[in-house]
Amino acid sequence: METVVWGDSVRFTAFWSTDSGEGIGYVPSLLQKKTDDNKANDSSLSPVIGTQVHIPAKRGLELTLNPLKRQKCGFAVDSISDFKDLKLRGLFYADKTIYIKHIETHSRLVLMFLRPNRFGKSLLLSTLKYFYDINEAQYFRLLFESLAIYQFASELKHNKYLILEWDFSRIPSSSDFKEMNKRLENHINTSIIDFCHKYAYILKKNFEDLKQSVVCWDDCITSFENLLRIFRECEYKIYVLIDNYDAITNEDFVPDGKGWHGQLLDKLSLYKAIFATLKAHRGKEVERVFIIGVSPLLINNISSSFGISYDITLEQDFKFMCGLEEKDIKEALISIFTEKEHCIDEKKHNFVKFHLDQIHIIYNEYKYQHTQESGIYCTNICLNYLQQVLDGKPVGANNELNDSIVKFVGKYPYSRSLLAKLLGNQQTSFTAIQQQFRLTDLDDVEQQNTEFLESFLIYFGWLTFADEPHYLRLPNDVVMKTIIHRIINLCSIDTNSQEFKRAVGNLIHHHDISTLCLYLQSKLKEWIKRGNLYDDRELVTKVMFHVSLSMIPNYLNETEVPINIYSDRVLIKTCYADLLVAETRPASDGVKQNRFIFEFKCKGINFLDLQISGYNRNWEVMENKANKVESMSERDVRQLKCGSGEQFDKGKTMEQILNDGREQLLVYVHNLNEQDSEYVTSAFVVLTVGSRKLLWNKVYPS
């Protein structure tokens, strides 16, 4: 075996026959160039990239490789996930190669790593491919010399494996299971053909003959078995790299009815058989397996077929393996500044700090350990941001969230209360993260405990670990805006309707909340349905106003806004306003900006003296109570009293509760105006009664 070059551009590995002096060479290079007649002894030979070539006679030629000329600073925003391609193009690459050492030295040989979409998982898999593939040995120094793993290369098995690749994202999910399985079978067979094409020379076989002896188009399991049997005596072992292992289910896992996921699993018998075959040959022809995906849903369902994988998703050693760290973004911003400017360090510092702050606000950080001092950022959306900065284009936030998750969240009663909690508090408590949930659990999600959905959402990028132990939080504004749009949809709030626009216009231009309250009151029934009447809390009202007012251009919404309370200019305590909506347009010509402050109250149906007996958790009883409140006049609702179930306000009327909120708000407004007089402030107290009525008072100005 010898590495040779054809002309001055194409390098390949040649295997020579001891009898005739002839050989077969494989050309894996991405760089396709014509033969240089001046340097090649035989100009009739023209290697075709990615194919075998016949070499008439052994010849000594200079070993050279001319990579593509390095481009200017740029980012892989066109879904470039091939490691060699990215490196040869000179695009930005965040060095994650040190994790190859952690992977190889791990005690388990079948590893699974999960992250949300667009975190650079496919690029990680491609990096492993070029590090371990024997066909890429001649490029090892070129690709890895500048990277962290290079200093450990001698300790590791670089370029010592045959690489078998599967990418299940190429098999679109479909309700036509027969068609989906056919595509799966074709994909496995195609990957086996590619494998034979790449490594036929190792067995000193002709590719076409090898393909004929291996591939069975009607049975990919037989093809797989044939492949492993033929390569059994090979001196090299196989490393299987599986990309998007769960793409088949992640495209659309919202059930069409009870038992849907069970039917799906029954139809995925071929998928399970593939993994069962892989399991049977692990430790024989197959030495290592590395699997990437989004969630453990599917792997938990095929554990009987493939119970040998080990999940390293939440392990300390791998927390930064995918995604961008702050240092990576700083490095990229410095290179952008250098590309665009040649100025003093102070200007560079301001440039980097501004955009780093912007990225943090929009995308924030994902944390997979409570102990993490810093988090990671979604690779794809950050690279898009950086490319827009480099190109001088307006920077906008991307939404990379899975559409199926958007449909799934809010479908069940607990989902709605979780959305409200997250939007109001931006975090939620938990006891433990579940890792063993299955597809079939989604059929009975109503019966799952509250941590099921929270754990589920971590894997799909909707939640991340908070700094405080046993709390999860929203990772960024992108997720928050997605939740806002989902709640608007669930409440049937039509932000494009004339009714909604008139309601918002009356608030903005006339500081009148009446029209908006009447509009949202008509939507209460959409949000607080029969199944979640018991979950009606103050938070529900706050969320409805929050999502509605978040659609107003040039206004910023904040919840739980701290307000310092002073007495004789001495700070005595800090209170928190439920919702503050402030105009962001700069004040001009003496015209002050608008500011609206809201205090929300809530009295659920089970805390009202409605003279309807029955068990408070009985749906029929609660629905009867809600219907009674809905039929009452505003005057009667204001005089409705709290019943014996109310601990603090027993016997108080709704009017008295509104007055309590009024006194509270007046203190807030006084202290706000003392601290900032650049706004025209209006304050409102809004009370939800029995899940069906809204009462409101304008507190300031009276």
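Each remark here, short or long, concerns the structure printed above.
Remember, predicted model here, so these are calculated numbers, not experimental data. (Residues numbered from 1 in each chain as written. Predicted model: local features only at pLDDT ≥ 70, side-chain atom pairs only at ≥ 80, totals over all residues. Heavy atoms only, no water.)

### So, the overall build of the chain
Quick note on the threshold: Helix and strand definitions follow DSSP, with helices as H or I runs of at least four residues and strands as E runs of at least two, each counted in order from the N terminus. For each residue, the accessible area found with a 1.4 Å probe, counting protein chains only, is set against the maximum for its type, and the residue is called buried under 20%, exposed over 50%, and partly exposed in between. Residues count as neighbours in contact if any of their non-hydrogen atoms are within 4.5 Å of one another. The method behind every accessible area is Shrake-Rupley, applied with a 1.4 Å probe, and residues are considered shielded solely by the protein chains displayed.
Assigned secondary structure in the chain consists of 25 helices and 17 strands. Out of the 702 residues belonging to the chain, those deemed buried represent 55%. Taking the intrachain contacts of the chain between residues at least 6 apart in sequence as the baseline, contacts between residues at least 24 apart amount to 71%. As displayed, the chain has an accessible area near 31,600 Å², and 46% of this comes from carbon and sulfur atoms.

### Describing empty space enclosed by the protein
We count it as follows: Buried and open spaces are told apart on a 1 Å grid over the protein atoms alone, a cavity being a set of points where a 1.4 Å probe fits but cannot get out and a pocket being an open set with protein on both sides within 12 Å along at least five of seven lines. Residues with an atom within 4 Å of a point are the lining residues. Grid points are joined across faces, edges and corners, and a volume is the space filled by probe spheres set on the points. Note that Gly is not counted as nonpolar here; it falls among the polar residues with everything else outside the nonpolar set of Ala, Val, Leu, Ile, Met, Phe, Trp, Tyr, Cys and Pro and the charged set of Asp, Glu, Lys and Arg.
Under the criterion given, the structure shown has 3 cavities of 30 Å³ or more. In this structure, the second largest cavity spans a volume of roughly 40 Å³. Every residue lining the second largest cavity is listed: Phe231, Arg232, Cys234, Tyr236, Lys237, Ile238 and Glu285. Partitioning the lining of the second largest cavity into residue classes produces 4 nonpolar, no polar and 3 charged.

### Focus on the sheet that holds strand E10 (residues 427–429)
Put simply, the rule reads: Strand pairing is defined by DSSP finding a minimum of two bridges between the two strands.
In space, the 3 strands of this open sheet follow the order E10-E12-E11, with antiparallel pairing throughout. If you trace the sheet from one side to the other, it starts and ends with E10 and strand E11 (464–465), each paired once. Both E10 and strand E12 (residues 471–473) contribute to a ladder of 3 bridges, which runs antiparallel. Across the sheet, the residue bridging to Gln427 is Arg473, located in E12.

### Observations concerning the packing of aromatic side chains
Between two aromatic rings, the relevant description is the distance of the centres plus the angle of the planes. Put simply, the test is: What counts as a ring pair is set by centres within 6.5 Å for rings of Phe, Tyr and Trp (its six-membered ring), and what kind of pair is set by the plane angle: stacked under 30 degrees, edge-to-face over 60, tilted for all other angles. A ring is scored as having a charge over it whenever the NZ atom of a lysine or the CZ atom of an arginine sits within 6 Å of its centre and within 35 degrees of its normal.
Here the structure, examined in full by the defined rule, presents 34 aromatic pairs. Ring centres of Phe131 and Tyr132 lie 4.9 Å apart, and the angle between their planes is 80°; on these two criteria the pair is classed as edge-to-face. The class for Phe131 is buried, based on a relative accessible area of 0%. For Tyr132, a relative accessible area of 1% translates into the label buried. Consider the rings of Trp166 and Phe224, whose centres lie 5.4 Å apart with planes at 75°: the pair is edge-to-face. With Trp166 in strand E6 (residues 161–167) and Phe224 in helix H7 (residues 220–230), the pair connects residues that are 58 residues apart, well separated along the chain. Each member of the pair Trp166 and Phe224 is classed as buried. Between Lys84 and the ring centre of Tyr139, over which it is positioned, the NZ or CZ distance is 3.8 Å.

### A word on the pattern of salt bridges
Put simply, the rule reads: A pair is scored as a salt bridge if a Lys or Arg side-chain nitrogen falls within 4 Å of a carboxyl oxygen belonging to Asp or Glu.
Under the criterion given, the structure shown has 27 salt bridges. In this structure, the salt-bridge partner of Glu663 is Arg662, at a minimum N-O distance of 3.0 Å. Under the relative-accessibility criterion, Glu663 is labelled partly exposed at 46%. Overlapping salt bridges bring together Lys603, Glu646, Asp649, Lys652 and Asp660 as one network.

### Some thoughts on the environment of Ile376
Residue placement: Ile376 occurs in the loop between helix H13 (345–363) and helix H14 (379–391). For Ile376, the contacting residues outside a window of four places in its chain are Arg115, Phe119, Lys319, Phe320, Cys322, Leu324, Glu325, Asn364, Glu365, Tyr366 and Tyr368.

### A word on the layout of surface pockets
A water-sized probe rolled over the atoms picks out the places where empty space is left. Applied cut-off: Where each domain starts and ends follows an automatic or database-derived domain assignment.
As a volume, the second largest pocket reaches approximately 760 Å³. Lining the second largest pocket are 26 residues; nearest its centre among them are Asp477, Met480, Lys481, Leu556 and Asn557. Summarising the domain contributions, the lining of the second largest pocket has at least three residues from each of domain 2 (326–391) and domain 3 (507–701).

### Here's the deal with the pairing of strand E16 (residues 679–689)
The buried count for E16 comes to 10 of 11 residues, which makes it a mostly enclosed element. One ladder, built from 11 bridges, connects strand E15 (residues 593–603) with E16; its direction is parallel. Bridge pairing in E16 links Phe598 to Phe684. Sheet analysis places E16 next to strand E17 (residues 693–700), joined by 7 bridges and oriented antiparallel. Its bridge partner being in E17, Val685 is matched across the sheet by Asn697. Joining the antiparallel neighbours E16 and E17 is a turn of 3 residues, in which Gly690 adopts a positive phi near 60°.

### A look at the nonpolar core
Heads up, the condition is: Throughout this description, the term nonpolar core refers to a set of buried Ala, Val, Leu, Ile, Met, Phe, Trp, Tyr and Cys residues connected via side-chain atoms within 4.5 Å.
Formed by 191 residues in total, the largest nonpolar core has its most connected members in Phe290, Phe545 and Phe598. For this core, the element with the most residues is helix H5 (residues 177–199), which contributes 9 residues. Met654, Ile657, Leu672 and Leu687 belong to the second largest nonpolar core, which has 27 residues in total.

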